[in-house]
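# Structural characterization, general
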Amino acid sequence: MAAALALLGRAAALITGARRLLRGCGVGGSAEKCLSRGISSDERPKRPLTAYFRFLKENRSAFRQNNPEMNNMELVKKIADTWKELPASQKQVYEEARKTDWQRYKERLAAYKAQLTPAQAAALKEERSKRLAKRRSFRAKRELTVLGKPKRPRSGFNIFVSENFQESEGISPVAKLKQLFDAWQKLSSSQKQPYLQLAEDDKVRYENEMKSWEAKMVELGREDLIRSRKQRPKTKTAETAKNAETAKASSQENKAKLKLKKREE
């Protein structure tokens, strides 16, 4: 009897998933055509919360009410400290809830995977990998920001844009950027030179700040964040530096032109 009920439950989950899928395809769309377009990974069952995050979710409002002067970081730290001091018997309540939800999650995940074709499963796996890679990239960038990594140097064109953006004509940021791009192209070499020189100065600033920052990272044991020798710029003569900056400015112009073209399309 129990086995029959379990089978009925799984069948119901499959039917519910199929109905949800068909609703997402729109009225009149065939199931075959809809399946060929794939299923979003947003429909994948969500992993249940850990015991600690259950505790956090349940008690955050109360902690906020009792500690209105605390910011989010301080509040989370206080909740984490409270969790650490919580008796094992009280933690067990949250752990048992997690186990129950985990079992339910496994059943729903199996039902979700059962409705996928091999092509859909492969597409969703690739989509999931891309999302995880994007998340890792975001976390890495956020970590570098927290660690105070210096901002990269700006090009002559970027400096020109930042100095003239507010006064430029155009009702939208895209229109303003287009007007500035056209204005930059019309500037003579002598008119561009002050901006190119500022870009060179900014490069020196960046290199000096990076050396100090990398020395600090070595002290913290984060050699993994240090640039390799290949990544470090070579010493250039004034002539070579000028030519390199001119080439970089030209590259920035081309990139800006492509961005404008895509936005206009």
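Details of the structure are given in the entry above.
In short, a report on the structure.

Criteria and thresholds
Residues numbered from 1 in each chain as written. Predicted model: local features only at pLDDT ≥ 70, side-chain atom pairs only at ≥ 80, totals over all residues. Heavy atoms only, no water. Helix = DSSP H or I, 4+ residues; strand = E, 2+ residues; numbered from the N terminus. Buried < 20%, exposed > 50% of the residue type's maximum accessible area, 1.4 Å probe, protein only. Contact = heavy atoms within 4.5 Å. Areas by Shrake-Rupley, 256 points an atom, 1.4 Å probe, with all protein chains shown as cover. Phe/Tyr/Trp six-rings, centres within 6.5 Å; stacked < 30°, edge-to-face > 60°. Lys NZ or Arg CZ within 6 Å of the ring centre and 35° of its normal. Axes fitted to C-alpha atoms, helices over the stretch in contact; angles between N-to-C directions. Parallel < 35°, antiparallel > 145°, perpendicular 65-115°, else oblique. Nonpolar A, V, L, I, M, F, W, Y, C, P; charged D, E, K, R; others polar. Expected span 1.5 Å × (residues − 1). Patch = residues over 30% accessible without salt bridge, like charges linked within 9 Å, V, L, I, M, F, W, Y side chains within 5 Å. Salt bridge = Lys/Arg side-chain N within 4 Å of Asp/Glu carboxyl O. Lys, Arg positive; Asp, Glu negative; His and termini not counted. Charge placed at Lys NZ, Arg CZ, Asp CG, Glu CD.

In this section: the overall build of the chain. In terms of regular secondary structure, the chain is built from 10 helices and zero strands. Along its sequence from the N terminus, the chain presents helices and strands in the succession α-α-α-α-α-α-α-α-α-α. A burial count over the chain gives 25% of its 265 residues as buried. Summarising the internal contacts of the chain: among those between residues at least 6 apart in sequence, 67% fall at separations of at least 24. Within the structure as shown, the chain displays about 19500 Å² of accessible surface, and the carbon and sulfur contribution to it stands at 55%.

For the rest of this paragraph, the subject is the packing of aromatic side chains. The tally for this structure, following the rule as stated, stands at 11 aromatic pairs. Ring centres of Phe55 and Trp83 lie 5.3 Å apart, and the angle between their planes is 45°; on these two criteria the pair is classed as tilted. Highlighted residues: Phe55 in helix α3 (residues 51-66) and Trp83 in helix α4 (residues 72-85), separated in sequence by 28 residues. Per residue, the accessibility class of Phe55 equals that of Trp83, and both read buried. Aromatic side chains Phe157 and Phe181 sit 6.1 Å apart centroid to centroid with 90° between the ring planes, which places their arrangement in the edge-to-face category. Taken together, the residues Phe157 in helix α7 (residues 156-164) and Phe181 in helix α8 (residues 173-186) connect sequence positions 24 residues apart. Overall, Phe181 belongs to the buried group, its relative accessible area being 3%. In textbook terms, an aromatic cluster arises when at least three aromatic residues are bridged by ring pairs, as seen for Tyr52, Phe53, Phe55, Trp83 and Tyr94. We note Lys176 situated over the ring of Phe165; from NZ or CZ to the ring centre the distance is 5.7 Å.

All right, on to the packing of α3 against helix α5 (residues 88-114) then. The interhelical angle for the contact between α3 and α5, taken along N-to-C directions, is 110°, at an axis separation of 8 Å. On the basis of the axis angle, α3 is roughly perpendicular to α5. Of the residues in α5, those in contact with Ala51, Arg54, Phe55, Glu58 and Asn59 of α3 are Tyr94, Glu95, Ala97, Arg98 and Asp101. Residue composition of the contact of α3 with α5, grouped by class: four nonpolar, one polar and five charged.

What follows concerns helix α6 (residues 118-146). For an α-helix, the turn length of 3.6 residues means that residues three or four places apart are oriented alike. Across its 29 residues, α6 extends 42 Å between first and last C-alpha, which sits within 8% of the 42 Å expected from 1.5 Å per residue. Positive phi appears at Gly148, one or two residues downstream of α6, with a value of about 75°.

Here we come to a positive patch on the surface. On the surface, Lys46, Arg47, Lys113, Arg128, Arg135, Arg139 and Arg142 cluster together into a positively charged patch. By the element assignment, Lys46 lies in the loop between α2 (31-36) and α3. Take Lys46: its relative accessible area is 61%, and that puts it in the exposed class.

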